[in-house]
There are 2 protein chains.
Amino acid sequence: MLKPEILDPQGQAVQRALPRLGFEGISDVRQGKRFELEVDGPVDEAALARINDLAESFLANTVIEDFTVRVEEVAEAAK
Amino acid sequence: MLKPEILDPQGQAVQRALPRLGFEGISDVRQGKRFELEVDGPVDEAALARINDLAESFLANTVIEDFTVRVEEVAEAAK
């Protein structure tokens, strides 16, 4: 996501359009990117550290963007 | 996120670049969008239903995209 101090024109455009479309009560909208990575093997501390590095150095532009890494189990078994 | 059956060239480009950049063991990358909405008032069932509608009709292109709605507490108090 863009850092809070960085202007987000896309999010603002969405927010301004909402009342016109009948959606009230949304005070702010920010738009950002999301990456889903599928990891071979166990997602242990080392893998997470590697993925944090990867996000920081390659996926996010840390000058203007914040990022968080979140682990989600794949629902289907036997993957 | 793009539905699993929809080709994601951006994600594929990222995935193919990773070994070159020294990151091994990532078998798949998908790229998608993320919106953070700030809601006035309580995020109850009704508000969530409204936001689901909003996401379905306006934020996501449900022909090619899936979406999930997730509630996150704002960390800072007194908002």
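Cut-offs applied
Residues numbered from 1 in each chain as written. Chains lettered and ligands numbered in written order. Predicted model: local features only at pLDDT ≥ 70, side-chain atom pairs only at ≥ 80, totals over all residues. Heavy atoms only, no water. Contact = heavy atoms within 4.5 Å. Buried area = accessible area lost by both parts, 1.4 Å probe. Salt bridge = Lys/Arg side-chain N within 4 Å of Asp/Glu carboxyl O. Polar contact = N/O pair within 3.5 Å; in protein donor to acceptor, adjacent residues only side chain to side chain. Helix = DSSP H or I, 4+ residues; strand = E, 2+ residues; numbered from the N terminus. Nonpolar A, V, L, I, M, F, W, Y, C, P; charged D, E, K, R; others polar. Expected span 1.5 Å × (residues − 1). Buried < 20%, exposed > 50% of the residue type's maximum accessible area, 1.4 Å probe, protein only. Arc of directions from axis to C-beta. Domains from an automatic or database assignment. Least-squares fit on C-alpha atoms with pLDDT ≥ 70 in both.

### Overview of the interface of chain A and chain B
Counting residues at the interface gives 32 residues for chain A, matched by 32 residues for chain B. Summed over both partners, the interface of chain A with chain B buries about 2900 Å², with 59% contributed by carbon and sulfur atoms. Among the residues chain A hides against chain B, the three largest losses belong to Phe23, Arg34 and Phe58 of chain A. Together they make up 20% of the total. Our count for the contact surface shared by chain A and chain B stands at two salt bridges. If you look at where chain A meets chain B, you find 16 residue pairs in polar contact (both at pLDDT 80 or more). Of all the secondary structure elements, the ones that give two or more residues to the side of chain A that touches chain B are helix H1 (9-20), strand E1 (26-39) and helix H2 (45-59) of chain A. By residue number, the principal contributor to the side of chain A that touches chain B is E1 of chain A, which donates 14 residues. Residue composition of the side of chain A that touches chain B, by class: 15 nonpolar, five polar and 12 charged.

### Brief notes about helix H1 (residues 9-20) of chain B
Residue and element names in this part refer to chain B. Compared with an ideal rise of 1.5 Å per residue, which puts 12 residues at 16 Å, H1 spans 17 Å between its outermost C-alpha atoms and is within 8% of the ideal. All of the buried residues along H1 are Gly11, Val14, Ala17 and Leu18. One side of H1 holds all its buried residues, which, seen down the axis, span an arc of 130°. Opposite the buried face of H1, at more than 90 degrees from it, the exposed residues are Pro9, Arg16 and Arg20.

### Considerations on the domain arrangement of chain A
Domain assignment breaks chain A into domain 1 (7-32) and domain 2 (34-79). Between the C-alpha centres of domain 1 of chain A and domain 2 of chain A there is a distance of 28 Å.

### Notes on the relation of the copies chain A and chain B
The relation between the two copies of this chain is a rotation about an axis and a shift parallel to it. Least-squares fitting of chain A to chain B yields an RMSD of 0.0 Å, with the transformation described by 0.0 Å of translation along the axis and a rotation of 180°. Expressed as an axis order, the relation between the two copies is that of a two-fold axis. Using C-alpha coordinates, one finds that chain A approaches the rotation axis most closely at Lys33 of chain A, a distance of 2.4 Å. A shared interface surface links the copies, since 100% of the contact residues of chain A are contact residues in chain B too.

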